[in-house]
Every structure is written in structure tokens, then in C-alpha cells.
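One letter stands for each residue in the lines below.
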Amino acid sequence: MRIKIYREIEISEREMFNYARCRDHCGVETIGREAINLTRELMNPVSVANRFPLERRDGKLYVNGFELVGNSIEKHLEGCEECFIMAATIGFEIDKNIYSLSIVKPSVALLADTAASSAVEDLCNATCESIEKDFGVKLTSRFSPGYGDLPLESQPDFLRAVNAGKEIGLTLTRSLLLNPIKSVTAIMGVIPEEKENA
Amino acid sequence: MLDLSKRIILDGALGTQLQRKGMPVGANPCVYGIENPEILESIHRAYFEAGSEVVLSNTFGAGELKLQESGYSVEEVTKRAVACAKNAAKDFNGKVALDVGPLGELLEPLGSLPFERAVELFARQMKAGEEAGADLIFIETMMDLYEAKAALLSAKENTSLPVFVTMTFEEGGKTFTGCGIREMAYTLTGLSADAIGINCSVGPDKLLPLIRDLRKYTELPIIAKPNAGLPNADGSYDLTVDEFSFYMEKLCESGASLLGGCCGTTPEHIKKMKEKTENTVFAPRPDYIPCTVCSATKAVDLSRPVTVGERLNPTGKKLLKQALTDGDMNYICRQAIEQQAQGADVLDINVGLPTIDEKEMMGKVVRAVQSVSSLPVQIDSSDPKAIEEGLRVANGRAIVNSVNGKDEVLDEVLPLVKKYGAVVIGLTLDEKGIPETAEGRVEIAKKIIKRSEEWGISKKDIVIDCLTMTVGVNSENAKITLEALSEVKKLGVKTALGVSNISFGLPRRDIVNRTFLACALRSGLDLAIINPGDELMMQTMESFRLLGGFDEGGKEYIEKYSASVVKNESGTKYTLKASIDSGLCEEAAKATDELLEKVDAQTLISDYLIPILDDVGLRYEKGEIYLPQLMRSAEAAGAACDKVKQRLAKEGGEHQNSGTIVLATVHGDIHDIGKNIVRAVLENYGYKIVDLGRDVSPETVLEAVLKTKAKLCGLSALMTTTVPSMEKTVKLIKEKAPFCKTVVGGAVLSKDIAEKIGADFYAKDASESAKVAKEVYKDK
């Protein structure tokens, strides 16, 4: 289901410059501002998430009928009996504009690219906050296909689990990359209450 | 067949019903339907019993790409699903629509599926559907207008069935790819859909404003097939049957005449909806729908004077000619982006050069331009093949420039204009040439209008160009053109003029041009084909819109001209070095102009520009400046380079490039920001860059290397998963083009990986890639 976000998505100037491997604003504040304004204007942040029970059979971990492969995800969700799968994107428009900008104003394109990364990161944070609030749960951190030994090949299962194509227009390329580019899929465990209180 | 002037009841959700009847989560509905035909038929039957007159076959996901691992073919799924629906239909005298959903892969430029491949993929479904006996085709849940166009064209080209098309919109009236209601309406109406509308999306309550908007832009019957509200956490939907049908009645009153439901709706929803709308009178359509052209994301109403950017036309433009000959899409894209930024409303695209395949180039340029600009395009050619290619790949509704009074031209081009639903420009000339009187030109205009109308092209979609003839040749020329223009305007069509030809051969052409433009606008000019980079001309356009009552409250005028532009307030003069160091493009251009008075172009590059760039690169390496600063300096250097090239072109000299470099983001990878930065830096060092874009196959890279004889090829990859594809490309080049060195870079690359995959060089950033290039081309 579509997740209602209760606050404005923030773009962190610090992250924007950090991702572009700069220390502070390195004398290009104006370009930085232009990049942030542009990203703010063009992004269309939407996210979707569903709640699933986690099943453990024969030493393997399953969710929504597919296997979560690898030790790292096993460890990440240790002790959890439920999870949320989420997908978030800030849309196609920003991708298209970064592309155009890279032809005429590469410096702004570079920073708009990192500003957009910061925006999608914050959208993920806001999504998790909303889930915790609306469902009264506490979540583990996010874990995405491609992290640790969870293969990128699980990306289609993640998208299917939340109907991401129809719900937020998020698709995959043949090589399993998310499209729009500034998008994230992730799984978060629901921390059991006793553990939460411990 | 169906009487589309009446209300027609469609069906509700199929997927929801299949799930209720036991289809497991994650199952493919097409396969489930084939394996459980009795369940499928019972659902169709339930909809007919509830009052549906048309049901959609269980073929939403029956495209080749989606069925890949199912073990069934498109034809088999289609045949059996349609047969199943027809079985249910026969007791009710019901109709069966072939349901066609998205292909499952995005089209270029958003994804990597070529347009014509999409048309082919759809064709398999369309043909199979007609053969299986479907009564009509229902293309639905499209979020990309380009894909909807491919599907509709495919249906029209491969079957004789009526075609309905619906797209899925967000509450704000846009699809996820940015297509609005207007863009959908004009494009699909132009392409001769039989009914259009909205499905899925949101509940009928939220659809109401969207349907009310849609009815303003199309005469076609309107379809509304919304969800049963919004989904709840448990997968149910939030509107009750009563609420759903209440709003469906409102939708019907608002003009939607083909009514059904999407996700979460059931036979009960349909039954109640039918009862509620039994006697509803749907809102009448507007008497007049303004002539509008569009891209996928931007509609331009031609009821007010608009600027058509003329710069993508090689006539008299040496740099563009060169770019077309070299296939340099980057230069072309820059022209498009700049014209849009300067305020053009439409982009004219002309690629006619004797040495190139015009059809192929037209397709290529239109695709490139629409990947960077949101403006509608004007396909400018006299070659019907090039016109058709442009019209096919243009996403949205285009303008054709042009036909004229010659019978042969009218017979060849008007059918294309009709088929693709374009707006057409007619030049007032014929077999006998250009008439020297206004009356003569009006006569030809009348002929063009008559012939267009015979083809079913509405008068309001015709634009007449009365032709601007040089006033230096005959002092009556401006008068004749303007007189013809006012007369033609009375015929109820739009008008166009290429304005600047008026002053050919005269001094201070700008003075004559802007006065002529003002006169023409006053005489009723709608499409001014001009250079939007010409500030005076743009000021005339904008002030005329204000004075002519086309700019309500002067909003646009005030917005543009109240902002005082602050430019280098101090009046400080910058040297070339200072302006590049500070990243000031205009100052760099100015300093270059001044320097060019003293030194020749080649010296400017070798003795000034390159040392400055080397210095910037060095400071970046030392960590004194950062990547955005490096880029900013690269932009200023780019502005300087442009000045040098312009000067050379003017003087008839050739720009000596430092060598050719092929660049690509490897197959499977769509992250190309890094590669684009490298391109910008290398360009400034004077290399000729052949940028192949992203997701490029090894074969395409090789082909470009062989064709250009480049001694260096740069490959970029951002993801670990695409490194193998980089390796494959490197190996292919080593094997088939040993004269070419490879340099690789990207977030996941390292010197070790570069060595492992056999690349000659590893560049950790753009500045390093410039060093590699220097090394490779040092003997030049």
C-alpha cells in the first residue's frame, strides 16, 4: 500500500556535497543551491510498503513466497517474525533533467545527482518513520538487494511484493537496475516487542 | 457493433476476482486462467450477469516479455483467453475486448526498448487477438504515452478492430512518467483511437476532476474504469459498492460514457453502477477544441502566437552540418536545450543534407531531442519517408513542415498527417512556383485546405505559411506576404512564417526582422519560426502576447522582465584564466573574443586554454579544488571553446581536434553521470567525443571504434553487476580493433579490476582521463 509521508522530504546540503566528494561547499554554494532547488522542484517522492510474515523452513528464509538468499540478510533479520518490504522513488522527471543538465551544465548536474540521492535517502527514512507510527512497530535498519550476499536477482521479487510498478511507477531494467534511477527497495525486520523493551 | 454514442457498461477487476477464487499470490494470471478455464469463465459470466456489455479477456500480461518463463506463447494465451471470454459472452450477446497491458519493459529514452521493437511486440498480441475473434482491442493501464502510442499504432496497423486506450494517472493528473491529461488526449485522438480514458489510478471520486478536464480536449467517447477507491493495509479497497456507484454516476454526468471498474471492483460494483447510471445524461462536449501540439509531458496551445525554434536546420549553419555529418547528437541536444531555455515553444527539426540518409537521421535526431527537451517537435522535411519516420518516433503530437500546393506532395504527405494525427503546415507555392500576388497565395492556401479536409484533417489543424520573400529584392515583398497572411487567417486556419528571410542581404538585419515580426503578428501570425536566441525577436514576441491579450494579467511578461538580471555588477574585467578559474561562462566567452583579436584560434587553444585546464586539473588532484569546481571551470572553458569554434567556422577554417575518443556507459548500466562529466572535460581539451550514451552493447562500441578509427575508448560502469559487460567490451575491442586503447572508470572500478579485465588504463576521475588521453594521443 502507498505510504503516507507526514513530513517534508529534506535534501541535505552536507550530504549533497559529501556524495560529490567535496569537503563543505567548496566555494560553489550557488551551484549547490541551484541543484537543490531544481531537485526539490522536480522530485515526485512516493513510496509503497507491505507487511509480511517471515517463514523459516529447512534453514532457509522466505517472505511472500520467495527465498531471501544469503547469510547477511539472515543475520539482519535474526529474531524477527515479521518484516516490511518497501520501495521508494523520486520519479523520472529528475533523471531526465540531470541528463539534460549533464550536457549543458555538468557542475549542476553533478550536484543535482547527489542532491537527488540525498532526497531519496530521506524519503526512505520518512517512509520507515511513517510505518513505525502507523503500525505501532519498531523496525530494523533497511537492507536492500545487492547488500552483503543478498543477490540483486531478488530485485524482481521485491518489486512484486509491493506491486511497485503499478503503485509508484518503479520498474527494472533487463540488468536488474531500478528505473527511475533515484529509487530504493529494501526490507526491514519488525523488532519483536520483548527485544525492543530489553 | 457497439453504439459508442450511448452509455456502455464494461466489466470490473479480473485479477481481484481470480485471487478471491483461489489464485495463489505471485501466480501469473494468464497461466492461471489457462489452467483453470472454468474459474475464468465463471468470472466473465458473473460480469455479464451483472450487466456488463463488454468484458476484457484475461490477456493483460500476455505480451512476449511477460510470458517469457511461463511456458506459453503469446498466441496460445491470447487464443484461449479470448475463447473463454467468448464462451461466456454468447449467452448474453456480449462483446469481448482483447486486453493489452504494458509490455513490462520501458521504452527509450526512459528504458532501453526501441519504439519499433515495442510496435512489433504489440503486433503479436493484436494479430492473435483479432484471429481469436475479439470484437475490439482495449489497451489499458499505460503510464508512458510513448508505449500507448506504440500499442495504438500497432493495433491500427495490424487489425481492423476498434481500439480503446486508457492510461493510469495519479491524483494530480499526471502519470508516473509525467504525461498529463491534455497530452494523452491530443496524442491518442490524433492517432485515431476509438475511445480514450482513464483506468486504475485512484477511486472514481478522485477521478472526477480528471475526467472533467479530459472532456475539454477530445471529441472521442470517454472511458472511466477506476479502482474501488484506495487500497487498505489488508488488500481490500476503501469505497463501498454504494459509494463507488454514486461517484460513477457523477463521472457519467461529467461525460464518461464507457463505464467499468479496475482493481478491487466486483460484479456487485458493476451491477449497482449500471442501475445508477441507467438514465444519466452525460455532459455535452465543447463546440471547439483548440489546436494543440504536445510532447509526452508538455502541451502547447496554438491559439496564441508561439515561437518555433529554427536552429536545428543545417541551412547556412556550418557547425550543425558538421554535427549531422558526424552524428554528434551532443551538439544537437545542446541546441535543443538552449532553445528551450531561451523560450521556444516548439522545436523545428530539419536534417536535410545531401550526404546523409535523411530518414534515418530524422529518427535519430527526434529521439535525441526528446530525450533532453520537453518541447513538441516540428518535423521539417520534403521527403515523405523522413516525415513519416519523424512522425512515428515523435512522442506526442507533432507538426509537419510542410506540404504545398503541388498535387504530388499533397497526395503523398497528407495521408501521413492524417495517420499520425499531426498538425500540418502548407506553403503557398505550387508547380508554377510562388505567386507574386497575395491573391495567388490565398488561392493555393484554399486548395491545400480543401485537399486536407478531404483527408479528414480539420481546418483548425492546418497552418498556412504565406512565405517571407526578401524585401531587398522587391520592395513590395513584405506587403504581399502580410496581405496574404491576413486573408488566409480569415479562412479559419493558423498561419506560420519563417521571419528572418525578409532582411536577407541587408545591413542590420535585426532592425528589419523585429519590425516585420511585429507587423506579421498584428496581421495574425500564429507560428513565428525564429531563433529564440535572438533577444530582440523574443522581446517582440513576448510584448506582443501582452499587448494582444494573450498573456493574462501580463503574468508571463512581468515574471520574465521584472527580475533584474544581475551580471558581473562590479564591471570587473576577467582574463580568460580568471574566468575559467571562477567558472564564469559569459566572462570566458568575452575574454576569448578579445583574445581572438590578438592570437589565432589554434594558438588560443594550445597556449591559453589547455595550460589553464591543466592547471585546474592539477589543483583538483592536489585537493585544492573539488569536483563541482572542476566541472564549473570545464563549463567556462566550454564556453571559450564554443567561441573558438564559431570563429573558425566563420573564417572557413577547420577545428583541429586533438583526437577522437569513443565514450560509453556499458551494457546493462544506466548510471551515466560519471561518463558525462568525463565527456565535458575531454571536450574542452579539444578531443572529438563520440558519446554512445548508456546501456551500450559491446558490438555498438566496437562499431563506433571501427568507424571513427578512435585510438582511445572510455568505458564506464557503476555497478559490480555490469563489470562483466565491461570486460566483454574491452576484450572485443582488443580482438577486433587492436589499434584502440581502452580506459575504464566508475564507482566500482579500481586499478586491480581494470587490469584484471584487460583494460589498458584505469582513470579514477575525469581529470585523470584527460591525462590518459594526452598519453595516448601524445604523438599526434
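Our structure is the block above this text.
Note that the structure is a prediction, hence the values are computed from the model and not measured.

1. So, the overall build of chain A
Here's step 1: When helices and strands are counted, chain A shows 8 helices and 7 strands.
Here's step 2: Taken over the C-alpha trace, chain A has a radius of gyration of 18 Å; the compact-globule value for 198 residues is 16 Å, and the two agree within 12%.
Here's step 3: Residue pairs at least 24 apart in sequence account for 75% of intrachain contacts in chain A once pairs closer than 6 positions are excluded.
Here's step 4: On chain A, roughly 8,700 Å² of surface is accessible, and the fraction owed to carbon and sulfur atoms is 47%.
Here's step 5: Positive and negative side-chain charges in chain A, numbering 23 and 30 respectively, have mean positions lying 3 Å apart.

2. A closer look at the packing of helix α6 (residues 115-131) of chain B against helix α7 (residues 145-158) of chain B
Residue and element names in this part refer to chain B.
Here's step 1: Axis separation between α6 and α7 bottoms out at 8 Å; the angle between their running directions is 45 degrees. Overall, the two elements α6 and α7 adopt an arrangement that is oblique. As for the relative orientation of α6 and α7, their crossing is right-handed in sense. Contacts between α6 and α7 pair F115, A118, V119, F122, A123, M126, K127 and E130 from the former with Y146, E147, K149, A150, A151, L153, S154, A155, E157 and N158 from the latter.
Here's step 2: Considering only residue class, the contact of α6 with α7 consists of 11 nonpolar, 2 polar and 5 charged.

3. Comments concerning the interface of chain B and chain A
Size of an interface, as often reported, equals the accessible area lost when the parts are brought together.
Here's step 1: Of the residues lining the interface, 45 residues belong to chain B; the matching set on chain A comes to 42 residues.
Here's step 2: Roughly 3,900 Å² is buried in total at the junction of chain B and chain A, and carbon and sulfur atoms are behind 65% of that figure.
Here's step 3: Counting across the chain B and chain A interface gives 2 salt bridges.
Here's step 4: Across the pair R174(A) and E105(B) runs a salt bridge, and its minimum N-O distance is 2.9 Å.

4. Comments concerning the packing of helix α10 (residues 241-253) of chain B against helix α11 (residues 267-276) of chain B
All names here are of chain B.
Here's step 1: In the contact formed by α10 and α11, the axes pass within 8 Å of each other and the chain directions differ by 40 degrees. As far as their axial angle goes, α11 and α10 are oblique. Regarding α10 and α11, the two cross each other, and that crossing is right-handed. Residues V241, D242, F244, S245, F246, M248 and E249 of α10 pack against E268, H269, K272, M273 and K276 of α11.

5. Some details on helix α13 (residues 329-341) of chain B
Here's step 1: In this model, α13(B) (13 residues) spans 18 Å end to end at C-alpha, consistent with the 18 Å of a helix rising 1.5 Å per residue.
Here's step 2: Each element contacted by the buried residues of α13(B) is listed here: α4 (92-104) of chain A together with β11 (306-312), α12 (318-326), β12 (346-349), α14 (358-372) and α26 (673-684) of chain B.
Here's step 3: If you check the start of α13(B), you find a side-chain oxygen 3.2 Å away from the backbone N of N330(B), and it comes from D328(B).
Here's step 4: Immediately beyond the C-terminal end of α13(B), within one or two residues, lies G343(B), with a positive phi of roughly 110 degrees.

6. Focus on the environment of Y6(A)
Residues and elements named next belong to chain A.
Here's step 1: Structurally, Y6 can be placed in the segment before α1 (13-19).
Here's step 2: According to the relative accessible area criterion, Y6 is partly exposed, its value standing at 43%.
Here's step 3: The spatial distance from the C-alpha of Y6 to the C-alpha of I73 is 29 Å, given a sequence separation of 67 residues.

7. Describing helix α19 (residues 509-522) of chain B
Residue and element names in this part refer to chain B.
Here's step 1: With 14 residues, α19 should cover 20 Å at 1.5 Å per step; its first-to-last C-alpha distance of 20 Å lies within 8% of that length.
Here's step 2: Along α19, the residues that are buried comprise N513, F516, L517, A520 and L521. Down the axis of α19, the buried side of the element spans an arc of 135 degrees, and every buried residue falls inside it.
Here's step 3: Turning to α19, the residues buried within the fold contact α18 (477-489), β17 (494-498), β18 (527-530) and α20 (535-547).
Here's step 4: Remark: G524 follows α19 within two positions and exhibits a positive phi of approximately 110 degrees.

Thresholds applied
- Throughout this description, residue numbers start from 1 for each chain and increase along the sequence as written.
- Ligands are numbered from 1 and chains lettered from A, in the order in which they are written.
- A pLDDT threshold of at least 70 governs which residues receive local features in this predicted model, and a stricter bar of 80 or more applies before side-chain atom pairs are shown or counted, although totals over entire chains, interfaces and linings include all residues.
- Only hydrogens and water are set aside when side-chain values are computed; all heavy atoms of the structure are taken into account.
- Secondary structure elements are taken from DSSP: a helix is a run of H or I of four residues or more, a strand is a run of E of two residues or more, and numbering for both begins at the N terminus.
- Using C-alpha atoms as the atom set, the radius of gyration is obtained and then compared with a globule rule of 2.2 Å times the number of residues to the power 0.38.
- Residue contacts are defined here by distance: any two heavy atoms, one from each residue, within 4.5 Å place the two residues in contact.
- In this description, accessible areas are obtained by the Shrake-Rupley approach with a 1.4 Å probe, and a residue is regarded as covered only by the protein chains that are shown.
- Counted as positive: Lys and Arg. Counted as negative: Asp and Glu, with His and the chain ends omitted from the count.
- Charge positions are represented by NZ for Lys, CZ for Arg, CG for Asp and CD for Glu.
- The axes are straight lines fitted to the C-alpha atoms, using for helices just the contacting stretch, and the angles between their N-to-C directions are given from 0 to 180°.
- Here is the rule for angles: anything less than 35 degrees is roughly parallel, anything more than 145 is roughly antiparallel, 65 through 115 is roughly perpendicular, and the remaining ranges are oblique.
- For any pair of crossing helices, the crossing counts as left-handed if the nearer helix is rotated counterclockwise from the farther one by less than a right angle, and right-handed if it is rotated clockwise.
- Amino acids are sorted into nonpolar (Ala, Val, Leu, Ile, Met, Phe, Trp, Tyr, Cys and Pro), charged (Asp, Glu, Lys and Arg) and polar (every other residue, Gly among them).
- Take the accessible area each of two parts loses on contact, using a 1.4 Å probe, and add the two losses: that sum is the buried area.
- Basic side-chain nitrogens of Lys or Arg form a salt bridge, by our definition, when they fall within 4 Å of a carboxyl oxygen of Asp or Glu.
- How far a helix is expected to stretch is found by multiplying one less than its residue total by 1.5 Å.
- Distance and chemistry together define a polar contact, namely a pair of N or O atoms within 3.5 Å, with one atom able to donate a hydrogen and the other to accept it when in protein, and with adjacent residues in sequence counting only for side-chain atoms on both sides.
- Exposure categories follow from relative accessible area, calculated using a 1.4 Å probe and restricted to protein chains: below 20% of the type maximum is buried, above 50% is exposed, and the middle band is partly exposed.
- Arc, as used here, means the arc of the directions from the helix axis to the C-beta atoms.

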